Amino acid sequence: GFDRITDEAKASIEILADATEDLRKRLMGIKYDSTKDAKQKADAFLQFCTSTAAEWLTKFEEYLQPSEAFSYADFLLFDLWDTHKELCPKEAFAELQKGFPKICALHDAIASDASVSTYLESRRA
């Protein structure tokens with residue numbers, strides 16, 4: 001994960017957290033763009049997921065390291081990954097999953113936490 005203990009690492013967590021929000025803003029810009037119809041949004045999501053998201057997620061993938069604890073940047077990345085799963089075309093998201101095993105592992109580790117999995121189940125009900 002992104003969890004570190006030094007002041008320098010804490011600053012890195014802040015930067016990474018901000019970066020997840022920067023990427024989310026771009027994705028949400030497509031979702032809430034009132035000037036595009038459903039087909040245009042679908043095309044924009046496909047383009048986003050195959051280029052912009054892949055470029056940004058590569059940086060997260062390169063930075064991720066195994067960790068015993070999760071930082072809030074890890075949780076933001078977890079949520080961002082879920083948002084991509086929801087909005088990207090299925091085939092494009094499947095390709096993202098193949099290309100980012102560390103992000104997938106982080107997502108699975110957070111999702112398997114007892115309190116998180118309870119919360120996720122309550123959302124599905």
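Here the residue numbers are simple positions, counted from 1 along each chain's written sequence. Residues qualify for local features only when their pLDDT is at least 70, as the model is predicted, and side-chain atom pairs are given and counted only at 80 or more; totals for whole chains, interfaces and linings, by contrast, use all residues. Values shown for side chains rest on all heavy atoms present in the structure; no hydrogens or waters enter the calculation.

A. Structural view of helix H5 (residues 101–112). Put simply, DSSP marks the helices as runs of H or I at least four residues long and the strands as runs of E at least two long, and each gets a number from the N terminus on. A helix's residues, less one, multiplied by 1.5 Å, set its expected span. Along its 12 residues, H5 runs 16 Å from first to last C-alpha, staying within 8% of the 16 Å computed at 1.5 Å per residue. Restricting attention to buried positions, one finds in H5 the residues Ile-103, Cys-104, Leu-106, His-107 and Ile-110. Buried residues of H5 fall within an arc of 160° about the axis and therefore sit on the same side. Any two residues whose heavy atoms approach within 4.5 Å at even a single point are treated as in contact. In this fold, the buried residues of H5 make contact with helix H2 (38–63), helix H3 (72–87), helix H4 (90–99) and helix H6 (114–124). Each residue's exposure class comes from its accessible area (1.4 Å probe, protein chains only) as a fraction of the maximum for that residue type: buried when under 20%, exposed when over 50%, partly exposed otherwise. Summarising the geometry, the arc corresponds to the directions from the helix axis toward the C-beta atoms.

B. Examining the nonpolar core more closely. Residue types Ala, Val, Leu, Ile, Met, Phe, Trp, Tyr and Cys, when buried and joined through side-chain atoms within 4.5 Å, form a set referred to as a nonpolar core. Grouped together as the largest cluster of nonpolar side chains are 33 residues, with contacts concentrated most on Leu-57, Phe-60, Leu-77, Trp-81, Leu-96 and Ile-103. Among the elements that take part in this core, H2 stands out by supplying 8 residues, more than any other. In this view, Trp-81 contacts Leu-57, Phe-93, Leu-96, Gln-97, Phe-100, Ile-103, Cys-104 and His-107; residues no more than four positions away in its chain are not counted.

C. Structural context of the packing of aromatic side chains. Here a Phe, Tyr or Trp ring, Trp counted by its six-membered ring, pairs with any other such ring whose centre lies within 6.5 Å, and the pair is stacked when the planes are under 30 degrees apart, edge-to-face when over 60, and tilted otherwise. Taken as a whole and judged by the stated rule, the model has 2 aromatic pairs. Measuring from ring centre to ring centre gives 5.9 Å for Phe-70 and Phe-75, while their planes differ by 75°; the resulting arrangement is edge-to-face.

D. Region of interest: the pattern of salt bridges. The salt bridge definition used is simple: a Lys or Arg side-chain nitrogen within 4 Å of an Asp or Glu carboxyl oxygen. Scanning the entire structure with this criterion turns up 6 salt bridges. Close ionic contact of Asp-43 with Lys-39 constitutes a salt bridge, the shortest N to O distance being 2.8 Å. With Asp-43 and Lys-39 both in helix H2 and 4 residues apart, this pair spans about one turn of that helix. Overall, the relative accessible area of 38% leaves Asp-43 in the partly exposed class. The exposed category is assigned to Lys-39, whose relative accessible area is 55%. Lys-98 serves as the salt-bridge partner of Glu-95, at 3.0 Å between the closest nitrogen and oxygen.

E. Just the state of the cysteines, in detail. The criterion for a disulfide is a pair of cysteine sulfur atoms lying within 2.5 Å. Scanning the model with the defined rule gives 1 disulfide in all. Here Cys-49 connects covalently by a disulfide to Cys-88, the sulfurs 1.7 Å from one another. The S-S bond linking Cys-49 to Cys-88 shows a torsion near -80°; that makes this disulfide left-handed. With a gap of 39 residues between them, Cys-49 in helix H2 and Cys-88 in the loop between H3 and H4 connect regions that are remote in the sequence. For Cys-49, a relative accessible area of 2% corresponds to the buried category. Cys-104 carries a free sulfur, and the closest cysteine sulfur to it, the one in Cys-88, is 12 Å from it.

Spatial relationships are all this shows, so hold off on functional conclusions.
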